[in-house]
Amino acid sequence: AMPLASGVGRVARATGGARAPGASGEDRAGSSRPEKPPRRWCPWAEGRAPVSWAACGFAPGVAEARWRFGERVFSADFDGGNLARVERVTDTSFHLWTRPDNQGKPYETHHRTWFHFRVDGCRAGETLTFSFPDFNKQKTLFSNDFRPTYRVHDDDQSASSSSDADAETATTDDGSNEHLQRDRRVSRFHMRAYERIPEPVSARPGRDGAFRVTFKHRFDSDASVFFALSFPFSYADVGLMLDRVDAKFRERTSHGDAMRARVSYARSLLATSVEGRKVEMVTITAAERDGCETKKNASENFGDEKLGFASDDVERVSFTRATPSCTELTRDVSDDDMESSTASSRRANSAPKENSAMPRVEDRDVFVVTCGVHPGEKPANHLFNGVLEFLLRADDARAKRLRELYVFQLVPMLNPDGAFRGHYRHDALGQNLNRHYEKPEISKQPSCAAVKDLLVKAARKGRLGFYIDLHAHANKRGVFAFGNCDLRGDGNFETRAYAQLCALNSPHFDLNHCNFSRKNMFAVDKNGENKSGTGRVALFRETGGRVPHLYTVEANYNCSRVLNRVTDKTRASDDGNEEDVVGFEEALSGFARRARIASSETKKKSPGSARRYDPETLRGVGRALLVAALDLREENPWSRVPSSAFGSVRSVRTWAKAAARGDAHAAGDDAESEGDDEKTSGEDGEPSETRRQTREKKPSVFRNTSLTLASSKARVPGRRALDTANGVWPPRRAPLADFAPKWRT
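Since the model is a prediction, treat every value here as computed from it, not as a measurement.

**Things to note about the packing of aromatic side chains**
If you walk through the whole model with that rule in mind, you get 32 aromatic pairs. Looking at Lys 378, its charged tip hangs above the ring of Trp 114, at a distance of 5.2 Å from the centre.

**Notes on the environment of Arg 360**
Relative to the helices and strands, Arg 360 resides in the loop between α9 (341-348) and β16 (365-370). Of the residues examined, Arg 360 reaches a relative accessible area of 49% and is grouped as partly exposed.

**Topic: the sheet that holds strand β3 (residues 85-90)**
Pairing in this open sheet of five strands is mixed, and the strands run β3-β4-β6-β10-β9 from one edge to the other. At either end of the open sheet lies a strand with only one pairing partner, and these are β3 and β9 (202-205). For this sheet the average axis-to-axis angle between neighbouring strands, irrespective of direction, equals 20°. Pairing between β3 and strand β4 (residues 93-97): five bridges, direction antiparallel. Each bridged residue has a counterpart across the sheet, and for Val 86 the counterpart in β4 is Leu 96.

**With respect to the pattern of salt bridges**
Per the counting criterion, the structure on display carries 43 salt bridges. For the salt bridge of Arg 260 with Asp 257, the shortest nitrogen-to-oxygen distance reads 2.2 Å. Of the two residues, Arg 260 and Asp 257 are both situated in helix α6 (residues 254-262); the distance of three residues between them amounts to about one turn of the helix. Residue classification places Arg 260 among the buried positions, given a relative accessible area of 7%. For Asp 257, a relative accessible area of 39% corresponds to the partly exposed category. A salt bridge links Glu 362 to Arg 360; the nearest nitrogen and oxygen atoms lie 3.3 Å apart. On the accessibility criterion, Glu 362 (32% relative accessible area) is partly exposed. What you see here is one network of salt bridges that share partners, running through Glu 389, Arg 393, Asp 396, Arg 398, Glu 616, Arg 619 and Arg 623.

**Quick word on helix α14 (residues 491-505)**
Given a rise of 1.5 Å per residue, 15 residues ought to cover 21 Å, and the 21 Å separating the end C-alpha atoms of α14 matches this to within 8%. Of all 15 residues that make up α14, 14 are buried, and the element is covered over most of its length.

**What to know about the pairing of strand β10 (residues 211-218)**
Across seven bridges, strand β6 (residues 127-135) lies against β10 in antiparallel orientation. Its bridge partner lying in β10, Thr 127 is registered against Arg 218. With four bridges joining them, β9 and β10 adopt antiparallel strand pairing. Within β10, the position partnered with Ala 203 by the bridge is Val 213. The hairpin formed by β9 and β10 contains five residues between the paired strands, and Gly 209 there has a positive phi angle of roughly 90°.

**A word on the side chain of Asn 82**
If you trace the backbone, Asn 82 turns up in the loop between β2 (72-75) and β3. For Asn 82, a relative accessible area of 1% translates into the label buried. One polar contact links the side chain of Asn 82 to the main-chain amide nitrogen of Arg 99, over a distance of 2.7 Å.

**Focus on the packing of α14 against helix α18 (residues 615-632)**
Two quantities define a packed helix pair, namely the angle between the axes and the distance from one axis to the other. Packing of α14 against α18 brings their axes to within 8 Å, and their N-to-C directions diverge by 125°. Classified by the angle their axes make, α14 and α18 are oblique. Note on packing geometry: the crossing formed by α14 with α18 is right-handed. Taken together, the residues of α18 that come into contact with α14 (itself represented by Glu 494, Ala 497, Tyr 498, Leu 501, Cys 502 and Asn 505) are Ala 624, Leu 625, Val 627, Ala 628, Ala 629, Asp 631 and Leu 632. Its residues assigned to classes, the contact of α14 with α18 comprises 10 nonpolar, one polar and two charged.

Quick notes on the rules
Residues numbered from 1 in each chain as written. Predicted model: local features only at pLDDT ≥ 70, side-chain atom pairs only at ≥ 80, totals over all residues. Heavy atoms only, no water. Phe/Tyr/Trp six-rings, centres within 6.5 Å; stacked < 30°, edge-to-face > 60°. Lys NZ or Arg CZ within 6 Å of the ring centre and 35° of its normal. Helix = DSSP H or I, 4+ residues; strand = E, 2+ residues; numbered from the N terminus. Buried < 20%, exposed > 50% of the residue type's maximum accessible area, 1.4 Å probe, protein only. Pairing = 2+ DSSP bridges. Axes fitted to C-alpha atoms, helices over the stretch in contact; angles between N-to-C directions. Salt bridge = Lys/Arg side-chain N within 4 Å of Asp/Glu carboxyl O. Expected span 1.5 Å × (residues − 1). Polar contact = N/O pair within 3.5 Å; in protein donor to acceptor, adjacent residues only side chain to side chain. Parallel < 35°, antiparallel > 145°, perpendicular 65-115°, else oblique. Left-handed = near helix turned anticlockwise from the far one by under 90°. Contact = heavy atoms within 4.5 Å. Nonpolar A, V, L, I, M, F, W, Y, C, P; charged D, E, K, R; others polar.

As structure tokens, then:
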């Protein structure tokens, strides 16, 4: 089936220095086409081979992770690798099995979706067929033409890759020719990044009832090729990314000087995993003045030795002016003081202030973003990378204002043991860490305990502005958020307003898939685990519903279900930062192109030509999550809200209030009907037929609200009614029926 809203193409790349608001599209000197600015610096590194188990001294406890068939060698003995067994069927066809999480241990699980392996010894022009005969059932994911990823890697280039990356992070004393030397080194070596395999994937139940996934790949050269379920981002990649950020702050260059002058950055050890790996945290806020490089130890900066997370031999490094620590910002107070957290949401409703002063560090709200609790959910890592890169921009007015308003505490990988072992969902003890936030144990769930301590302290002081936990979703397409219900004050309105603003800032944020219901907060998942142990619900209980902005953000592995109309930023339409608008125009043209192909009836092409999510697309959504928070406080200097159908944040809040009341009304009706049905249920406790019909006939009011405001009943002919004013569905045409999946709301 063809994904109807399948991802994206860039309208414009992230670029260098921003232009002044009001600049026209033409160059002021008279040129009809302005000069293309240079590409932005990015903290992540691409083109490095994964770190091998041998280099880490790691013994995973599995029988083997390398298989040889003549000249061909399959291997998964590296950071994030996963392959349990390989069998040769024919000379060009192989059966592969993935390792379940914690294979061979008493707490082995059934999760065997993630794979990441390497193939050596193939010749140029050969086509091999890879088949997974006992894959986890992921029918919905593959029904939308999902395709795994691959990357070509040459052993001769591997050594230069490592040396180049190391040299790139090195700095000279004066920095005079550092950039030139680095550019020359990088120009000698360019590694292709991961990309989707070009051939479609066959995914269907086999004769034995098991789910079988099969794909082919043609080798263009004799080089080694890595294959993975999705775009990988390993435990070592996180460390390398943070090393690059550290090195950038040490640079004696104009860019390094600008970052030190405007960004207060600190990298620290938040916790140590069960197997001894680092769970690091990055703290970012605005520098109060041009600073100098300083170093502080763990007790001065974060003071978390009482939890037993930090070791004495780990040095906490911070750059720019010394900033009050997290513990100083969120020191313990009485439970009565938690009432002051309501003031945080009231501040978000305040009118915008022109040239408002930068709050003191101790007065700034805390904005926490975590990632990687489920190691196989790699799209979440790329969302996080977009957040980190955006906050480190020294020349972006939006990033500058965010740093002035918040102290950002970012945790890039909560489950390093699972990520290193190549697990899909669990840690080294077989635990789903995202179900242990209610009562985490330091000895078993150290990262959860550390994050919860961080959040609770900030909430008790009334300074917890946002908590966003990033995840990936295999079934629901698009990017969406789960929030809480029964919040104090205007919390129920504010959560929906934030979701709407995310949709206004990203083509891929699907408002219809967002869920703020009580049922979703305490539901039991397919593995029998209750969601009450998730971070957002545990914090909801801990704070009594006084903190509204506690979210789980999910990103699909493949594509979007529907695209949003993203308007231009007001006062800065030519600022050179249109990288946040990715994919809308190209995706719409893709709809029309596929409609023409279907209507021609001459030949049917594979839907694989549709663009899908790539890391840059997901990073753009990560940036939109931050911009939406800035819009919510009406502090965005380059806002898209005035040019949207709403026109103002006040109108967004008006819509959000109507939507929240509609949800509450629908939830009340459902609860009442359930109470009536309890009286008419059979003796076996099963719901009656009347109850089943009631559930089917009572759709959510939030799902059927208007295209503009929730109180409107207007509908656009030929399109599905959405909760958002900027949603666009492709027209429902008969020729598309052969390709399109069934419509869903």
